[in-house]
Amino acid sequence: MKKIIFVLIYALYSHYTCISQSLYVDPIDGNDIHIGSLEKPLRSIEKAINTANSWTGIGEIQIVLYPGLYTLTDKVIINPVRVMNDTIRFEMKALFLPDDTDWSPEKMPKIQSISPNNSETQFTHSTGFLIASEHVSIKGIKFLGNPNPAVTYYYPISKENQNLSDLNVSQCMFIGNKEAAPIQGGIWAHGPNNSVSYSIFYECRNAILFFNNVEGFSIKNTIVYGSYESAFWFSRENYSFTFSNNIITNNNAFLVKPKEVKYTSSFEHSIIANNMNYVSQWSREDKKVISIKNPFIIENNIVKNANIELNTNKDLKLPNNHLHLSKSSDGQTLYAGIFKNKK
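Cut-off values and rules
Residues numbered from 1 in each chain as written. Predicted model: local features only at pLDDT ≥ 70, side-chain atom pairs only at ≥ 80, totals over all residues. Heavy atoms only, no water. Pairing = 2+ DSSP bridges. Helix = DSSP H or I, 4+ residues; strand = E, 2+ residues; numbered from the N terminus. Buried < 20%, exposed > 50% of the residue type's maximum accessible area, 1.4 Å probe, protein only. Arc of directions from axis to C-beta. Axes fitted to C-alpha atoms, helices over the stretch in contact; angles between N-to-C directions. Contact = heavy atoms within 4.5 Å. Phe/Tyr/Trp six-rings, centres within 6.5 Å; stacked < 30°, edge-to-face > 60°. Lys NZ or Arg CZ within 6 Å of the ring centre and 35° of its normal. Disulfide = S-S within 2.5 Å. Polar contact = N/O pair within 3.5 Å; in protein donor to acceptor, adjacent residues only side chain to side chain.

Trainee: Would you explain the pairing of strand E19 (residues 230-233) in this entry?
Mentor: The side chains of a regular strand alternate, residue by residue, between the two faces of the sheet. By the bridge criterion, 3 bridges tie strand E16 (residues 206-210) to E19 in an arrangement that is parallel. Looking at E19, one finds that Leu209 is bridged to Trp233. Looking at chain direction, E19 and strand E22 (residues 253-256) are connected through 2 bridges and run parallel. The residue of E22 that forms the bridge with Phe232 is Leu255.

Below is the structure:
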């Protein structure tokens, strides 16, 4: 009887691990010789992802990050041998997500790269996470810039293969500092069905760059503030997309696109205000973005004159609504920011 019970328990455990497997990472109390459980977490993201990449079988993969600062010394490649799909995903997420009742800003995992240039794709640059798989989700993480003086272009998240679909980034923050730790682009991705939602991009050179074969991309409930080149660079072709409930303000430009491309999808239900330029194109001669007088974009309920102020750091402890709209700001009903539930 005991043998039968043991076999049944083992079978249930095996079935569960086929459905979902998780590795926990703690940069303070973890150790890379641990098994990566909740009680005995690993220490480094590199160890966790390299281990998860090698898992065979079926089922979702989760990398769960404890609060703390994670420092990357080279790019980390997400490329599991396991086949992912819409319901079986590779997910990297915070242990505490912004809508959890006990969440606070200090519990948000922070990732900073100090890596030198580590990629030659198209041009020399530094990448934090290279997404080399379909169906990848990243949730609840704060990405900081790269202070390495040898690096000119740094991208915390990139996806180079235009045939790979479905990168989902939600409830994340990308905070650059052009004087000390810049972010050239928060997300630079090719491929269809990429989505960004409930996120904040603050003082990155560019926030989101979606270029080749990006049919069906989506950007929703997101704040982009202070981009000193442009909030967005979009495709050289006319692909369908969803753009709604966003606040795009105090940027050098709202959008960079080829002048001749006419997008047939509409920019909807958003505030796009207080930007130096609206729609622009890249000028090879001037080596900068310049305004387009006839941008060929469709708008639906776009507010271009608004009072926008964010809650910045003014005390020893960050407020829970750090870099969200102040109470006096317009756009409250758009629910842009890292909280999916109204707070």
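Trainee: Would you take a moment to explain unusual backbone geometry for this structure?
Mentor: Outside of glycine, negative phi angles account for most residues, and trans bonds account for most peptide bonds. Residues other than glycine seldom take positive phi values, yet His135 does so here, at roughly 60°. Considering the arrangement of structural elements, one finds His135 in the loop between strand E7 (126-131) and strand E8 (136-139). Positive phi is not limited to glycine here, since Asn213 has a value of about 55°. Looking at the secondary structure, you find Asn213 in the loop between E16 and strand E17 (217-220). Accessibility expressed as a relative area gives 27% for Asn213, which makes it partly exposed.

Trainee: Which parts of the structure should I look at to understand helix H2 (residues 45-53)?
Mentor: Along an α-helix, residues three or four apart share an orientation, since each turn contains 3.6 residues. Considered for burial, the residues of H2 that qualify are Ile45, Ala48, Ile49, Ala52 and Asn53. In an axial view of H2, the angular spread of the buried residues amounts to 130°, which keeps them on one side of the axis.

Trainee: How should I be thinking about the sheet that holds strand E24 (residues 277-283) in this particular structure?
Mentor: Strands in a sheet are paired, the pairing made by backbone hydrogen bonds, and the direction either parallel or antiparallel. Strand order in this open sheet of 9 strands is E4-E7-E10-E13-E16-E19-E22-E24-E25, and the pairing throughout is mixed. In this open sheet, the two edge strands, each paired with only one partner strand, are strand E4 (76-78) and strand E25 (288-291). When the angles between neighbouring strand axes are averaged without regard to direction, this sheet yields 25°. Strand direction decides the pairing type here: strand E10 (residues 154-159) and strand E13 (residues 185-189), joined by 3 bridges, are parallel. Across the sheet, the residue bridging to Ile157 is Ile187, located in E13. Against the sheet, H2 contacts E4 and E7, and its axis sits at roughly 30° relative to E4.

Trainee: Before we go on, may I ask you to explain the pairing of E13 in this structure?
Mentor: Across the 5 residues that make up E13, a large majority, 5, are buried. Direction of pairing for E13 relative to E16: parallel, over a ladder of 4 bridges. For Ala189, the partnering residue across the bridge sits in E16 and is Phe210.

Trainee: For this particular structure, what's the right way to read the packing of aromatic side chains?
Mentor: Where two aromatic rings form a pair, the distance of their centres and the angle of their planes describe that pair. If you walk through the whole model with that rule in mind, you get 25 aromatic pairs. The interplanar angle of 70° and the centroid separation of 5.3 Å between the aromatic rings of Phe123 and Tyr153 together place this pair among those described as edge-to-face. Highlighted residues: Phe123 in the loop between strand E6 (110-113) and E7 and Tyr153 in the loop between strand E9 (142-144) and E10, separated in sequence by 30 residues. Owing to a relative accessible area of 33%, Tyr153 belongs among the partly exposed residues under this scheme. In this arrangement the basic side chain of Arg236 is found over the ring face of Phe211, its NZ or CZ atom lying 5.0 Å from the centre. Looking at Lys257, its charged tip hangs above the ring of Tyr263, at a distance of 5.4 Å from the centre.

Trainee: Looking at this model, I keep getting lost on the state of the cysteines. Mind explaining?
Mentor: Here a disulfide denotes a covalent bond joining the sulfur atom of one cysteine to the sulfur atom of another. Evaluation of the coordinates by the stated rule reveals 0 disulfides. No disulfide involves Cys172; its sulfur sits 12 Å from the nearest other cysteine sulfur, which is in Cys204. Cys172 sits in the buried class, given a relative accessible area of 0%.

Trainee: Just checking my understanding: could you explain the side chain of Asp26 for this structure?
Mentor: For Asp26, the location among the structural elements is in the loop between strand E1 (20-25) and H2. Of the polar contacts made by the side chain of Asp26, one reaches the backbone nitrogen of Asp29; its length is 3.2 Å. Apart from residues no more than four positions distant in its own chain, Asp26 is found in contact with Pro41, Leu42, Arg43, Tyr66, Pro67 and Tyr70.

Trainee: Help me out: how do you make sense of the environment of Pro109 in this one?
Mentor: Tracing the sequence through the fold places Pro109 in the loop between strand E5 (90-94) and E6. Taking the C-alpha atoms as reference points, Pro109 and Ile248, 139 residues apart in sequence, are found 25 Å from one another. Setting aside anything within four residues of it in sequence, one finds Pro109 in contact with Leu65, Tyr66, Gly68, Tyr70, Ala94, Gly140, Ile141 and Lys142.

Trainee: Could you clarify how one ought to interpret the environment of Val214 in this entry?
Mentor: Inspection of the secondary structure puts Val214 in the loop between E16 and E17. Residue classification places Val214 among the buried residues on the basis of a relative accessible area of 0%. C-alpha of Val214 to C-alpha of Met92: the two residues are 122 residues apart in sequence and 22 Å apart in space. The contacts of Val214, once residues within four sequence positions are left out, are Ala189, His190, Gly191, Pro192, Ser235, Tyr239 and Ser240.

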